[in-house]
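Take a look at the letters that make up each chain.
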Amino acid sequence: MIEVEHLAKRYGGQTAVDDVSFRCEPGTITGFLGPNGAGKSTTMRMICGLTPPSAGSATVLETAYRELPNPGRHVGLLLDASAQHKGRTGEEVLILAAEVLAGERARVAELLDRVGLAGPAARKRVGAYSLGMRQRLGIARALLGEPSVLILDEPANGLDPEGIVWMRGLLRDFADRAGTVLLSSHLLREIEAVADDLVVIGGGKVVAPGRMEELLAATGVLVRALDPRALLRALDEVGLVGTPATGGGLLVDAPAEAVGRAAADADVVLLELRPADGAGLEELFLTLTAGETIGEVA
Amino acid sequence: MSAILEQRERPAGTTRPFEGPSIGRLVKVELRKMTDTRAGFWLLIATALVAAGTVTLILFAGDTDEKTLGGFFSPTVELTSVLLPVLGILAVTSEWSQRTALTTFTLVPRRERVIAAKVLAGVALSAVAVVVCLEAAVVGNVLAPLVGDADGSWSLGLERLGGLALYMTIGLMGGLAFGLALMSAALAIVLYFLLPTVFAVLAETISSFRGIADWLDLSTTLEPLADASMTSEGWAQLGTAVAVWVVLPFVIGLVRLRRTELA
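A brief structural summary. (Residues numbered from 1 in each chain as written. Chains lettered and ligands numbered in written order. Predicted model: local features only at pLDDT ≥ 70, side-chain atom pairs only at ≥ 80, totals over all residues. Heavy atoms only, no water.)

Here we look at the pairing of strand 10 (residues 221-225) of chain A
All names here are of chain A. Counted residue by residue, strand 10 has 4 buried out of 5 residues, so it is predominantly covered. Strand direction decides the pairing type here: strand 10 and strand 12 (residues 250-252), joined by 3 bridges, are antiparallel. Its bridge partner lying in strand 12, Val221 is registered against Val252. Sheet analysis places strand 10 next to strand 13 (residues 270-275), joined by 5 bridges and oriented antiparallel. When the bridges of strand 13 are listed, Leu222 appears paired with Arg274. (Buried < 20%, exposed > 50% of the residue type's maximum accessible area, 1.4 Å probe, protein only. Helix = DSSP H or I, 4+ residues; strand = E, 2+ residues; numbered from the N terminus. Pairing = 2+ DSSP bridges.)

Here's what the structure looks like:
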């Protein structure tokens, strides 16, 4: 379990994270979604005690991370796959971590095998690894201490499609065995495919927390008409608001029947009328991304 | 095999109480980290080569009365201790340049424990270096009579042995402290070697500076340790120099590390 309460981080006058609160329950995968620079990594670093928060607190397994006697035994971390000594071999990186964890050396070989880095790859220096291989090595190290919580920052970066599917399976399996997973990404589709819960963050603030299916369901219908302007007028007449969707058509936060009747009353020909299936979430996310890229510095 | 299967099937949600890693375990890890990279490995090889080179030089070019165990041993330690501080510097700064700090300090969030382990690993490594130097000196002293006239005395007081061990250790600790305070390998290496030289030049050229150098120049104050001529004033002078060049940067570095944000 991870509990984040009113976490905030300010750098000088700039606010990186602003009053962020959420919970990750055992047995679930929580997707932490936001555009680059939204405050995902800063929040994760505050959870792990790397960055002192300006305000608020975070606990893992009901304990502040820094107070865990042997944190690697409880929490598996992958914060930055490239933060590894380029001169060490993949195997050596895991052996060093296993030594700190007082773990068995046999697990190193087992995990190298599990993440697909067994054999010659294990004895190559990390400097010669691709980003995908570094991610795999990072995941192996996160799993080394048999943790009950996983915190992964953009673990899918650099993985090939096969690797992404593999990682989803691994995380699902981990959560199904009552593990807690917090996983960040800047790609909605990636999170959608694996997460149970979702925390959307933008500009340092949580903009949408909740169950994945609820967030996806709460976005109304997508409607497309032969004459979009006529449709807008028809909707307006019955007091409904249509917002343009990225793939064309309008998003309306209303039941399909209400939209259909409004169109029929105004003799508007509809080409499409269906549940939006998270298109609203995507809209929200794209708005965030657009807003962020303008004023973003770091 | 069955043990591995059991581990894999253990529910991920179960937690067991775990003790933190002992300081001994952390020292072992830090020692391994100091020696498992190319830089670390070659620095150790270079140290051994310098030791062998020094002994060879004395063997063929030294005076007869220099060819004793102590005569071989002291210069060997003095010369190898020029290289060892670099190992101390890299032990700390590589955590930043290679960004391993992220792993190191999330596995051991009490940052001062990691530094304590690095200090102890540094002491252990200094001891190993002293032993290597002693071995080289023994070989030199055995060969000396075969090469030419040699005193060949085997006497080596505890004072000299202890003094040289301390000499080596202070050097490495100085490197570690500079690395910790500056958190940059290049800056730490340059300043660590430049500052004493600047100091020595100042002492040479400005007469009023000479008195200060007796108390603050690390290499001058270390000298009596190497030739076993330590006096009580010498200890006070060495203590002062160590406080300025080792303890002070170490404390600054530790305070900085405890507060700093790791990324």
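Some details on the interface of chain A and chain B
Counting residues at the interface gives 49 residues for chain A, matched by 41 residues for chain B. Per-residue buried area on chain A facing chain B is highest for Leu50, Val100 and Arg177 of chain A; these three make up 16% of the total on that side. Across the pair Arg88 of chain A and Asp36 of chain B runs a salt bridge, and its minimum N-O distance is 2.8 Å. Between chain A and chain B we count 13 residue pairs in polar contact (both at pLDDT 80 or more) in total. Contributions of two or more residues to the side of chain A that touches chain B are made by strand 1 (2-11), helix 2 (90-101) and helix 3 (106-114) of chain A. Of the residues forming the side of chain A that touches chain B, the biggest block, 7 residues, is contributed by helix 2 of chain A. Of the residues contributing to the side of chain A that touches chain B, the split by class is 20 nonpolar, 10 polar and 19 charged. (Contact = heavy atoms within 4.5 Å. Buried area = accessible area lost by both parts, 1.4 Å probe. Salt bridge = Lys/Arg side-chain N within 4 Å of Asp/Glu carboxyl O. Polar contact = N/O pair within 3.5 Å; in protein donor to acceptor, adjacent residues only side chain to side chain. Nonpolar A, V, L, I, M, F, W, Y, C, P; charged D, E, K, R; others polar.)

Some points on the packing of helix 7 (residues 158-182) of chain B against helix 10 (residues 218-226) of chain B
All names here are of chain B. Remark: helix 7 packs on helix 10, axes separated minimally by 8 Å, with the N-to-C direction vectors making an angle of 155°. As far as their axial angle goes, helix 10 and helix 7 are roughly antiparallel. For the pair helix 7 and helix 10, the contacting residues are Arg160, Gly163, Leu164, Leu166, Tyr167 and Ile170 in the first and Leu218, Leu222, Leu225 and Ala226 in the second. Classifying every residue of the contact of helix 7 with helix 10 by side-chain character gives 8 nonpolar, 1 polar and 1 charged. (Axes fitted to C-alpha atoms, helices over the stretch in contact; angles between N-to-C directions. Parallel < 35°, antiparallel > 145°, perpendicular 65-115°, else oblique.)

Description of unusual backbone geometry
Positive phi, normally seen in glycine, also occurs at Ala178 of chain A, with a value near 75°. Position of Ala178 of chain A relative to the elements: it lies in the loop between helix 5 (161-176) and strand 7 (180-185). Overall, the relative accessible area of 35% leaves Ala178 of chain A in the partly exposed class. Positive phi, normally seen in glycine, also occurs at Met183 of chain B, with a value near 55°. Relative to the assigned elements, Met183 of chain B resides in the loop between helix 7 and helix 8 (185-205).

Quick notes on the sheet that holds strand 10 of chain A
All names here are of chain A. Strand order in this open sheet of 4 strands is 11-12-10-13, and the pairing throughout is antiparallel. Single-partner strands in this sheet number two, and they are strand 11 (242-244) and strand 13. Across the sheet, the mean angle separating the axes of adjacent strands is 25° when strand polarity is ignored. The pairing of strand 11 with strand 12 spans 3 bridges and is antiparallel. Note on strand 12: the bridge partner recorded for Pro244 is Leu250. This element, helix 8 (residues 228-237), spans strand 10, strand 11, strand 12 and strand 13 of the sheet and lies at about 15° to strand 12.

Quick notes on the sheet that holds strand 9 (residues 205-211) of chain A
Residue and element names in this part refer to chain A. The strand order 5-6-7-3-8-9 describes an open sheet built from 6 strands, whose pairing is mixed. Unpaired on one side and paired on the other, strand 5 (75-78) and strand 9 mark the two borders of the sheet. For this sheet, the mean inter-axis angle between neighbouring strands, taken without regard to orientation, is 15°. As paired elements, strand 3 (residues 29-33) and strand 8 (residues 197-202) share 4 bridges and run parallel to each other. Within strand 8, the residue paired with Leu33 across the bridge is Val200. Sitting on the sheet, helix 1 (residues 40-47) touches strand 3, strand 6 (149-153), strand 7 and strand 8, and the angle it makes with strand 7 is about 150°. Packing against the sheet, helix 4 (residues 131-143) makes contact with strand 5 and strand 6, and its axis sits at approximately 165° to strand 5.

Re the packing of aromatic side chains
All names here are of chain B. Evaluation of the coordinates by the stated rule reveals 6 aromatic pairs over all chains. Pairing Phe41 with Trp42 gives two aromatic rings, centres 5.3 Å apart and planes at 80°, and the pair type is edge-to-face. For Phe41, a relative accessible area of 41% gives the class partly exposed. Classification of Trp42 by relative accessible area gives exposed; the value is 53%. Their ring planes at 85° and their centres at 5.3 Å tell us that Phe178 and Tyr192 sit as a pair that is edge-to-face. Here Phe178, found in helix 7, pairs with Tyr192, found in helix 8; they are 14 residues apart in sequence, far enough to count as distant. Each member of the pair Phe178 and Tyr192 is classed as buried. Site record: aromatic cluster; members linked through ring pairs are Phe178, Tyr192 and Phe193. (Phe/Tyr/Trp six-rings, centres within 6.5 Å; stacked < 30°, edge-to-face > 60°.)

Here's the deal with helix 10 of chain B
For an α-helix the count is 3.6 residues per turn, leaving residues at separations of three or four pointing the same way. Residue and element names in this part refer to chain B. Taken together, the buried positions of helix 10 are Leu218, Thr221, Leu222, Pro224, Leu225 and Ala226. On its buried side, helix 10 packs onto helix 4 (69-97), helix 7, helix 9 (207-216) and helix 11 (232-259). Phi turns positive, to about 50°, at Ala228, one or two residues after helix 10.

As for the packing of helix 6 (residues 111-147) of chain B against helix 7 of chain B
Residue and element names in this part refer to chain B. Close contact between helix 6 and helix 7 brings their axes to 9 Å; oriented N to C, the two are set at 140°. When the interaxial angle is binned, helix 6 and helix 7 end up oblique. Here the hand of the crossing between helix 6 and helix 7 comes out right-handed. Residues Ile115, Lys118, Val119, Gly122, Val123, Leu125, Ser126, Ala129, Val130, Cys133 and Leu134 of helix 6 pack against Leu161, Leu164, Ala165, Met168, Thr169, Leu172, Met173, Leu176 and Leu180 of helix 7. (Left-handed = near helix turned anticlockwise from the far one by under 90°.)

Looking at helix 4 of chain B
Residues and elements named next belong to chain B. In this model, helix 4 (29 residues) spans 41 Å end to end at C-alpha, consistent with the 42 Å of a helix rising 1.5 Å per residue. The largest bend along helix 4 measures about 35° and falls at Ser81, with the proline Pro85 one to four residues further on. Arg99 lies just past helix 4 and shows a positive phi near 60°. (Expected span 1.5 Å × (residues − 1). Bend = angle between axes of the 7 residues up to and from the residue.)

Overview of the nonpolar core
Residues Phe22, Ile47, Ile151, Leu171 and Leu182 of chain A are the most contacted members of the largest nonpolar core, which totals 144 residues. Element by element, the count of residues in this core is highest for helix 6 of chain B, at 12 residues. Excluding residues that lie within four positions of it along the chain, Ile47 of chain A makes contacts with Ile2, Val4, Phe22, Ala58, Val60, Tyr65, Ile151 and Leu182 of chain A. (Core = buried A, V, L, I, M, F, W, Y, C linked by side-chain atoms within 4.5 Å.)

Some thoughts on a negative patch on the surface
Residues and elements named next belong to chain A. Together, Asp236, Glu237, Asp265 and Asp267 make up a negatively charged patch on the protein surface. Looking at where Glu237 falls in the secondary structure, it is placed in helix 8. Look at Glu237 and you get exposed, because its relative accessible area is 69%. (Patch = residues over 30% accessible without salt bridge, like charges linked within 9 Å, V, L, I, M, F, W, Y side chains within 5 Å. Areas by Shrake-Rupley, 256 points an atom, 1.4 Å probe, with all protein chains shown as cover. Lys, Arg positive; Asp, Glu negative; His and termini not counted. Charge placed at Lys NZ, Arg CZ, Asp CG, Glu CD.)

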